[in-house]
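# A structural walkthrough
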Amino acid sequence: MKELVWIFLGALVVNNFTLSYFLGLCPFFGVSGKLQTAFRLGLATTFVMVITAIAAWALNTFVLVQFPYLRLLSFIVVIASAVQFVEMVVKKASPALFAALGIFLPLITTNCAILGLALFQTSRGYGLLQGIVFALGAGGGFTLALALMASLREEAKLSDVPALARGTAFNLLLAGILAMAFMGFAGLGSS
Amino acid sequence: MTGRGHRLDLQAAPFLHTTLSTPRLMVEVILCTLPVLAAATWFFGVVALLVVAAATAGAVFAEWALATRAPRGNTLRDGSGVLTGLLVGLTLPPAIPLWMAALGGFVAIALGKQLFGGLGQNLFNPALVGRAFLQAAFPGALTTWGAPRGFLDVPASTFALPFLHGGLDGMSTATPLALHKFEHTTTGLWALFSGDVAGSLGETSALVLLLVGLWLGLRRAFDWRIPVAILVATALLGGALHLLDPVRNPGPLFLLTSGGLLFGAVFMATDPVSSPTTPRGALAFGAGIGALVVVIRDYGGLPEGVMYAILLMNAATPLLERVSQPRPFGRRRAA
Amino acid sequence: MGDVLMAGAIMAGLGVLLGAMLAFAYRFLRVPEDPRTARVEQLLPGTNCGGCGEPGCRAFAEALTAGARQPSGCTVAGPEAVAAIAAFLGVDAGALDRKVARLHCAGGKAQAVQIAAYDGFESCRGAHVTGGGGKGCSWGCLGLADCQRVCDFGAITMNDNGLPVVDVDKCTACGDCVVACPRDLFELLPLRQPLLVQCRVPLAGEAARQLCTAACDACGRCVQDAPEGLLRMVDNLPVVDYASAVDAGPAPTFRCPTGAIQFVAKAQFAKQEVRA
Amino acid sequence: MKLPFTLRSFAHGVHPHDHKQGTEHLATEHMPFVSRYVLPLAQGGKPAVPVVGRGEGVRRGQRIAAADGFVSTDLHSPVDGQVLGFDRHRHPSGELVPCVELQADPFSAQEVSAHATVDPDGLDGDAFVAHVQRGGIVGLGGAAFPAHVKYKTPAGRVVEHFVLNGCECEPYLTCDHRTMVERAADVLRGARIVAGQLGAKDVHIGVEHNKPDAVAALRANVRPGEAITITPLQVKYPQGAEKMLIEALFGVEVPAGKLPLDVGCVVNNVGTMVALADWFDRGVPLIERVVTVSGPGVRRPANVRVPLGTSVRELLAHCGGTLPETCEMVMGGPMMGSALASIDVPVLKGTSGVLAFTAAETARGSEYGCLKCGRCLDACANFLNPSVLARLARAGEMKTLEANFVMDCMECGACSFACPSNIPIVQLIRVAKSAIRDERRKEAGKS
Amino acid sequence: MSDFELPPEPGSTRLVATLTVAGLLAGLLLASTYALTLPAIEANAAAALQRAVFQVVPGTTAMRKLVLTGGRFVPADGSEAKDAVAVYAAYGDGGRFLGYAIPGQGPGFQDTIKLLFGYDPQRELVVGMQVLDSRETPGLGDKIFKDPAFAREFAALAVRPEAVVVKHGTGTLPNQVDGITGATISSKAVVRIVNERCAGLLDKLPAAAEVPPAPKEESR
Amino acid sequence: MNAPSSPAEAARLHAEFVKGLWRENPVFVQVLGMCPTLAVTNSAINALAMGAATTAVLACSSLLVSLLGRFIPAQVRISTYVIVIATFVTVVDFVLQAILPDVHKELGAFLALIVVNCLILGRQEAFASKNPPLAAVLDALGMGLGFLFALLCLGATREVLGNGSLFGIDLFGPAFEPWVVMVLPPGGFLMLGLILLLFSWRLQRRAAAAAEEKR
């Protein structure tokens, strides 16, 4: 139990996927303009991460034991197809849910946080339960970083950011400060 | 016609205005850093003045050089640059090379303030952005605590040339927090209260900080809710964890008087720009800082977490503000 | 070698499985959606200005594919884009009756009387709600550039006389300036008819001229000189019937004593008439 | 005597210096008649329609324009004289609006030609409302909203309290104060008329405690056993806003977007009561009002009873003129009044004060970035977040502004007053509100 | 204008076929690459391991992998389970048994620390330590593998009952490790990993006399 | 591959190659592939390796996609591209592991993450699938080298400041105090932000100069 808590916290804040592993930066910068959108993207990503964790575990356990070199290829293909399948199901079953979360799904498929999750999970040898907790933590961490970034950017829109810095440069520097703040979590649980 | 022969001006109401002004507020807080600086000089000697002066110089230079609006140097008049520099200086250890202190002041203003457009626009406490940058860049120098020594003694590292470390190792002592975390030794409360311990320049004397905080609170120079919420949250959560594991987790009084908690609560968290404006937001903000400080100190890898706690809550401030907007007059929640 | 074959088989198997899954989904789960909408949306400018009256380009694209709207309803798209959409959808582009924003005032600093000095932040609306902004004429342009600030296309610049000049080529007739002007001086007018009344003062004669040397004093000469029905006087101002196809040329402006009615083919205030 | 801070009040608000000492003890004087009067047809509500012709002779008190619809009032001539015309003249708002222009008869004694007096007790509700409308009576607190509209209570609504606003929380202004001191009996007479008509159980008069003589004068005129309470209140701005006054007196919040009537209250200004008493008991319609002429730029500050339509220029001349360094003329109070572009504008029914300021008072300190210090939040009696509203207004985020209840703002100016960074918060909000209203209007016009 | 033509609806079989062919080709290509590069990769890994073993047990010239099977360590023969606990017996010149190289891992300040340490059963001392993999803070925690002074602390370290970390410059006893200033947690993590490993394995290691002889083919 | 048939054709091909280096630089201008850009640029050698690996994958994939593009139905286009890219990434991964094990260890998972570098998928979708093989490869090489160049800039700056060395060679001696933050995650964000800031500053200066000239 304690181990699961630290896996969760580790992925959530200590080794935050976005601010410490640089995973999922494209949506982190692209979709953090509005808080509501960012939050929804975070939720959708967390969902996909859980699917990924399960899929990766299943592949590792049942298919790829003898074929480690097929890992990358099968991960990416299975994840992409699974997500696309889920997208279609959601679109058919609940248009409201699709409008709220589903529209982000294509964006998420090519998100390195997803593939990164599968790879880290494999290299750390997580089991199914650990994998799911890890996915929840990583997704939560991504959502947290994204929501903070989005709310900061919305606030900064009302600020007098110099024209020179506006845009990507500002976002990068803002993320840098945020990453420095997240350094406070370093070593959480290690002592 | 007995009025003036020329045209009237057209201003917008109200035509009366409070006598309070932003530069006056800044000057008031600057004046309140002076007792803290005096205490630092008392405990660490003349080097305290040197470090604070270097940080202030760095900050003022950045404010001047990176002015976004003409004429250059105009923004210096509100005094906020000087204040940021002073605060950066007061959070640094006494033996830090002066060039690092100056760099800290510069980064504080450049990255922490001018990037966002200057006074009132920043999302993070500029002084802490500078301090966090230094901590991340020079972890060694920022965690080497010279012991309080003779008044005129200046460590060799102080005048290290830029980019060089100037021999920091060798004469370090540990802060009360590090002592507790790594050696499980608790420092006496009186030493913590008076300030006769290792630590950053401005943070050691709980007594001076409490008095200054009380004064600023009475003058309404800051939102009293923030420091009060920080202290209460730290004491409550710290106390609860202390009861769970008295050896590992220090007691609430130790938590309150050690490290940068009081300095952060009085001077850093209360920076109005980067903290919530709303009363309920301010309470949540303070409570969040207190909780994070306790979590980082008790379970984190670092002995001290006030700076990170405040920066993290700075980041959460827009979210807090959003959910804590006051209920407008005549709008009940249900209706 | 067995491994190699096995690996190929696994990947092929995955390919079959996933391909089948997607094919199945494509067949049975796909929500029917007009594929043309996406293409049309690509062809639209994507500014989401709302100038067409729909909530964003996507919605306009849907309306277009549904046949509910004409491509020319997009005020931002250039003629090529409109033509391209029309060609794609197989409909006519509709009459390309391009409109631009026109200012109904010519009373800049040099023409209009100033009775007091506005002392507040730079905003027409700010001045307007503060004792009328100090301009003698309470209908005229305040010259503090609210329209310039709201123009997303950079089509409006303030001239030295304190009047906004609309760049006819950049103007997309999105209507933002019409909404922004606190004195309602902008109107989207067809380029086709260059006759323009640059005044909104409802006063006549001396009362009007006292406010501004460029004010319309309601002398009515332009109405007399225009073809029947093109101009009529309403509230002491001539009103151009822009629906009329009559091409009067600049004749109605010739006898205007103040220059309030102008014949402007391109930008307004090209030769700013500084009559003090 | 209670200590000031134990007195009732509302939450939040500011404490500007009241600057009333210059005029609060000066008895109201009469403005001499001048030769020309200009009366805008719109004086609260919809513009009235002239009922006299150009060149026609009129009597002081004679109706010259008739109300157009329900939210509109009659207009009466303030002098004996002749109608010069109906051209546009400059209004204190800066606009040129249709007015009745009158030439005073220099040889007339200017006696009021009184209308018939009416016993209000003999009128039923509608007749009462109609009679008030005929008297041209509007709220004299500043907003000049037609008084009779408030007296038309929808069926089923019960008026519990009739509230009189004697706060006069705006600095400098003392016209209500003087009215309460000098005409306490008429204030109470008007209160009895209205309370009787509305069926209110009691009358509450809120007076800020810096006017002890007004409290004393009113109390002296209350009959024993009468349900009229005079409540001294803390000195705080904006106490005179009717919703704030209701909160101060009863601790009840009027829901946003609703009227005091929704919590069983009707609120009137004390000056309005005097106008009612004059109209019912003496047959004198609203043709003059008390105006405080004050401010550092006025040579002889005074409380003056001024015939409507008198030009501000003449009024200032009556008060010894203005100092040469005067640079700002304000109509109304210094917190919510509006600057005048010209002093050639008439005194209106809603004109409570004319203030002259010099550069010394109006020079603005330089503006600094918003420190988010929260002083404006503590000032806002409406519990909005002016700091956020101002920043949103600057950025032109109209949708977010509306979501932040910008339309609830009553533009009292407390936030701007309290701001240490000299940010023109209320002006920014005012502009944004105007833009939002304008956009709504234009949207409505489109569809 | 051909750009505007809508693509024809492809048949399901075509979709499946495309993916199948792509998958098949990819699988074949990958398997071949793997087969081609595997020897080099394994040789690299073996060489790296050998270097590490040689370093933590000074004087080593040959080594042998032992795996824990059924409660005792036996020479690895390729049949053992993949995740079986392994140590490496190290031999000096002439096949003289020198000690064991023991891998260990555990949580550090940032992430898992993987290390290898040498243990001399005769002297009951740790004789060397090398960090194989870690993400410790540069400038502070990374001194566990960058600071030779810290590595020297493990040159002759008593681990019974256990090694302890003391403040920098105060270590005097054989079982004391001078911590790294400012990186107490990382130093402690290394020592903790060593301690845990020792506590768990030392008793199971074959005594010096029972150690299998040095492999012939691995001597250099 | 057939050689360019005319000078115009050659110039066009040259343009396809050069554009990625500077004018359409994937990092500085298009801001693509941020994850590897920031994650592995804490040393120049890592940056170089990552840039080279990316370029290799990009070039191979572009060639293949350009050759096969016509045969792939639209519905499985992306899936197929991903398979192609993932295959090449795995190949590069193994090759690197075989010949440069140390570098491979440093890059770790990020080597595998080249698969989801939007730069690569983006080039297939936007260019390779619509262009002949030669142009596609040149475009890929240009983009890859531009990417490499950007990574190298970032990696070199971060290594020099953060470690006092370049390509592992100590530059300043032991008295140098490294700016550790530069090799930490925040340093990546800050440094790239700073570089982009410099870029826009230059652009602004140039625009200002051009405007001045116009007058």
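Note that the structure is a prediction, hence the values are computed from the model and not measured. (Residues numbered from 1 in each chain as written. Chains lettered and ligands numbered in written order. Predicted model: local features only at pLDDT ≥ 70, side-chain atom pairs only at ≥ 80, totals over all residues. Heavy atoms only, no water.)

## Section: the overall build of chain B
Note the threshold: For helices the rule is a DSSP run of H or I covering at least 4 residues; for strands it is a run of E covering at least 2, with both sets numbered from the N terminus onward. Throughout, radius of gyration means the C-alpha value; the globule benchmark is 2.2 Å times the number of residues raised to the power 0.38. Contacts between residues were defined by any pair of non-hydrogen atoms, one from each residue, lying within 4.5 Å. Note on areas: Shrake-Rupley, 1.4 Å probe, and residue coverage restricted to the protein chains presented here. In this tally Asp and Glu are treated as negative and Lys and Arg as positive; neither His nor the chain ends contributes. Here the site of a charge means atom NZ of a Lys, CZ of an Arg, CG of an Asp or CD of a Glu.
A tally of helices and strands in chain B yields 14 helices and three strands. Its C-alpha atoms give chain B a radius of gyration of 21 Å, within 12% of the compact-globule value 20 Å for 335 residues. When the backbone C-alpha atoms are referred to their principal axes, chain B occupies close to 85 × 55 × 30 Å. Long-range contacts, defined here as pairs at least 24 residues apart, represent 76% of the contacts in chain B between residues at least 6 apart. Taken as a whole, chain B presents about 12000 Å² of accessible surface, with 69% of it coming from carbon and sulfur. When the 21 positive and 15 negative side-chain charges of chain B are each reduced to one mean point, those points stand 15 Å apart.

## With respect to the overall build of chain F
Summing up its helical and strand segments, chain F has nine helices and two strands in all. The N-to-C order of helical and strand elements in chain F reads α-α-α-α-α-α-α-α-β-β-α. For chain F, the C-alpha atoms occupy an extent of roughly 60 × 60 × 30 Å along the three principal directions. Entry remark: accessible area of chain F is about 8900 Å², with carbon and sulfur atoms responsible for 68%. Here chain F contributes 14 positively and 13 negatively charged side chains, and the mean placements of these two sets differ by 11 Å.

## Brief notes about the domain arrangement of chain B
All names here are of chain B. To keep it simple, the criterion reads: Each domain's limits were defined by an automated method or a database of domain assignments. When two parts are put together, the accessible area they lose, computed with a 1.4 Å probe and summed over both, is reported as buried area. In what follows, salt bridge is the name for a side-chain nitrogen of Lys or Arg lying within 4 Å of a carboxyl oxygen of Asp or Glu.
Domains assigned within chain B are domain 1 (20-173) and domain 2 (174-321). For domain 1 versus domain 2, the distance between C-alpha centres works out to 20 Å. Listed as interface residues are 38 residues of domain 1 and, on the opposing side, 33 residues of domain 2. Carbon and sulfur atoms supply 73% of the area buried between domain 1 and domain 2, which totals about 2800 Å² over both sides. Between the two partners, domain 1 and domain 2, sit one salt bridge. Linking Arg219 and Glu28 is a salt bridge whose minimum nitrogen-to-oxygen distance equals 2.8 Å. Among the elements of the structure, helix H1 (22-44), helix H2 (46-65), helix H3 (80-90) and helix H5 (126-137) are those that each provide at least two residues to the side of domain 1 that touches domain 2. A per-element tally of the side of domain 1 that touches domain 2 places H1 first, with 12 residues.

## Points about the arrangement of the chains
Among the 13 pairs of chains that make contact, the interface with the largest number of contacts is formed by chains B and D. Over all C-alpha pairs, chain D and chain E never come within contact, reaching a minimum spacing of 35 Å. Here chain D and chain F are not in contact; the least distance found between their C-alpha atoms is 23 Å.

## Things to note about the sheet that holds strand E14 (residues 288-294) of chain D
Residues and elements named next belong to chain D. To keep things clear, this is the line we draw: Between any two strands, at least two bridges found by DSSP are needed for them to pair.
Taking strand neighbours across the sheet as the criterion, the six strands line up as E1-E15-E14-E18-E16-E17 in an open arrangement whose pairing is mixed. Looking at strand neighbours, the two that pair on one side only are strand E1 (29-30) and strand E17 (338-339), the edges of this open sheet. The pairing of strand E16 (residues 326-331) with strand E18 (residues 353-358) spans five bridges and is classified as antiparallel. Bridged to Glu328 within E18 is Phe357.

## Points about helix H1 (residues 2-14) of chain A
Selection rule: Partly exposed describes any residue whose relative accessible area lies between the buried limit of under 20% and the exposed limit of over 50%, with all areas from a 1.4 Å probe on protein chains only and scaled to the type maximum.
Burial in H1 of chain A covers these residues: Leu4, Ile7, Gly10, Ala11, Leu12, Val13 and Val14 of chain A. The inward-facing, buried residues of H1 of chain A abut helix H8 (128-157) and helix H9 (168-182) of chain A.

## Focus on the interface of chain A and chain E
Note the cut-off: Whenever a nitrogen or oxygen atom comes within 3.5 Å of another N or O atom, the pair is scored as a polar contact, on the condition that within protein one atom can donate a hydrogen and the other can accept it, and that pairs from neighbouring residues in sequence are kept only if both atoms are in side chains.
Chain A puts 12 residues into the contact, and the matching count from chain E is 12 residues. Here chain A packs against chain E, burying approximately 990 Å² in sum over the two surfaces, 59% of which is carbon and sulfur. The tally of links between chain A and chain E comes to zero salt bridges. Counting across the interface, chain A meets chain E through zero residue pairs in polar contact (both at pLDDT 80 or more).

## With respect to the pairing of strand E15 (residues 302-307) of chain D
Residues and elements named next belong to chain D. Of all six residues that make up E15, six are buried, and the element is covered over most of its length. On E15, burial covers both faces: Ala302, Val304 and Val306 on one face and Asn303, Arg305 and Pro307 on the other are all buried. Where E14 lies against E15, six bridges are found, and the strand directions are antiparallel. Within E15, the position partnered with Val291 by the bridge is Val304.

## Focus: the interface of chain B and chain D
Taken residue by residue, the interface counts 41 residues in chain B and 66 residues in chain D. Taken together, the two surfaces of chain B and chain D that pack against each other cover about 4600 Å², and 58% of this comes from carbon and sulfur. Looking only at chain B, the three residues that lose the most surface to chain D are Phe15, Leu16 and Phe329 of chain B, adding up to 19% of its buried area. Along the contact surface separating chain B from chain D lie two salt bridges. Note that Arg331 of chain B and Asp408 of chain D form a salt bridge whose closest N and O atoms lie 2.6 Å from each other.

## Thoughts on the nonpolar core
As a reminder of what qualifies: Side-chain atoms within 4.5 Å are what join buried Ala, Val, Leu, Ile, Met, Phe, Trp, Tyr and Cys residues into a set we call a nonpolar core.
Ranked by size, the top nonpolar core spans 245 residues in total, and within it Phe17 of chain A, Phe124, Phe133, Phe138 and Phe267 of chain B together with Phe189 of chain F carry the most contacts. Split by domain, the residues of this core number at least three in each of domain 1 (20-173) and domain 2 (174-321) of chain B. Setting aside chain neighbours within four positions, we find Phe133 of chain B in contact with Met180 of chain A, Leu103 and Val107 of chain B together with Trp179, Val181, Met182 and Leu190 of chain F. Of all hydrophobic cores here, the second largest spans 42 residues; its members include Ala147, Met180, Leu188 and Val274 of chain D.

## Section: the side chain of Thr33 of chain B
Tracing the chain through its elements places Thr33 of chain B in helix H1. Once residues within four sequence positions are removed from consideration, Thr33 of chain B is found in contact with Leu83, Leu86, Leu87, Leu90 and Phe267 of chain B.

## Overview of the packing of aromatic side chains
Put simply, the rule reads: Aromatic rings from Phe, Tyr and Trp, taking only the six-membered ring of Trp, are treated as a pair when their centres fall within 6.5 Å; an angle between ring planes under 30 degrees marks them as stacked, one over 60 as edge-to-face, and anything in between as tilted. Two limits define a charge over a ring: the Lys NZ or Arg CZ must be within 6 Å of the ring centre, and within 35 degrees of the ring normal.
According to the stated counting rule, one finds 29 aromatic pairs over all chains in the structure shown. Within the aromatic cluster, the residues linked to one another by ring pairs are Phe17, Tyr21, Phe120, Tyr126 and Phe134 of chain A. In this structure, Lys236 of chain D is placed above the aromatic ring of Phe10 of chain D, and the distance from its NZ or CZ to the ring centre is 4.7 Å.

## Description of the side chain of Thr179 of chain D
All names here are of chain D. Within the fold, Thr179 resides in helix H3 (residues 175-182). In this structure Thr179 comes out as buried when scored by relative accessible area, which is 9%. For Thr179, the side chain forms a polar contact with the main-chain oxygen of Cys175, separated by 2.7 Å. Setting aside anything within four residues of it in sequence, one finds Thr179 in contact with Ala184, Val187, Gly271, Val274 and Val290.

## Examining H5 of chain B
Residues and elements named next belong to chain B. Under the convention used in this document: Each helix should span, by expectation, one fewer than its residue count multiplied by 1.5 Å.
Its 12 residues give H5 an end-to-end C-alpha distance of 16 Å, which sits within 8% of 16 Å, the value for a rise of 1.5 Å per residue. Of all the 12 residues making up H5, 12 are buried; the element is thus mostly covered by neighbouring parts of the structure. Residues Pro126, Ala127, Leu128, Val129, Gly130, Arg131, Ala132, Phe133, Leu134, Gln135, Ala136 and Ala137 constitute the buried set of H5.

## Thoughts on the environment of Pro303 of chain B
Residue and element names in this part refer to chain B. Along the chain, Pro303 turns up in the loop between helix H13 (279-299) and helix H14 (306-323). Each C-alpha atom of the pair Pro303 and Lys181 lies 6.2 Å from the other, and the pair is 122 residues apart in sequence. Not counting chain neighbours up to four residues away, the residues in contact with Pro303 comprise Leu177, Ala178, Lys181, Phe182 and Arg297.

## Quick word on the sheet that holds strand E3 (residues 86-91) of chain E
Residues and elements named next belong to chain E. This is how the line gets drawn: Lines fitted to C-alpha atoms define the axes here, with helix axes fitted over just the stretch in contact, and angles between the N-to-C directions of these axes take values from 0 to 180 degrees.
Taking strand neighbours across the sheet as the criterion, the seven strands line up as E2-E1-E3-E4-E5-E6-E7 in an open arrangement whose pairing is antiparallel. Of all the strands in the sheet, just strand E2 (72-75) and strand E7 (157-158) have a single pairing partner and so form its edges. By the bridge criterion, seven bridges tie strand E5 (residues 112-120) to strand E6 (residues 125-133) in an arrangement that is antiparallel. When the bridges of E6 are listed, Gly118 appears paired with Gly128. Packed on one face of the sheet, helix H1 (residues 12-56) meets strand E1 (62-69), E3, strand E4 (97-107), E5 and E6 and runs near 150 degrees to E6.

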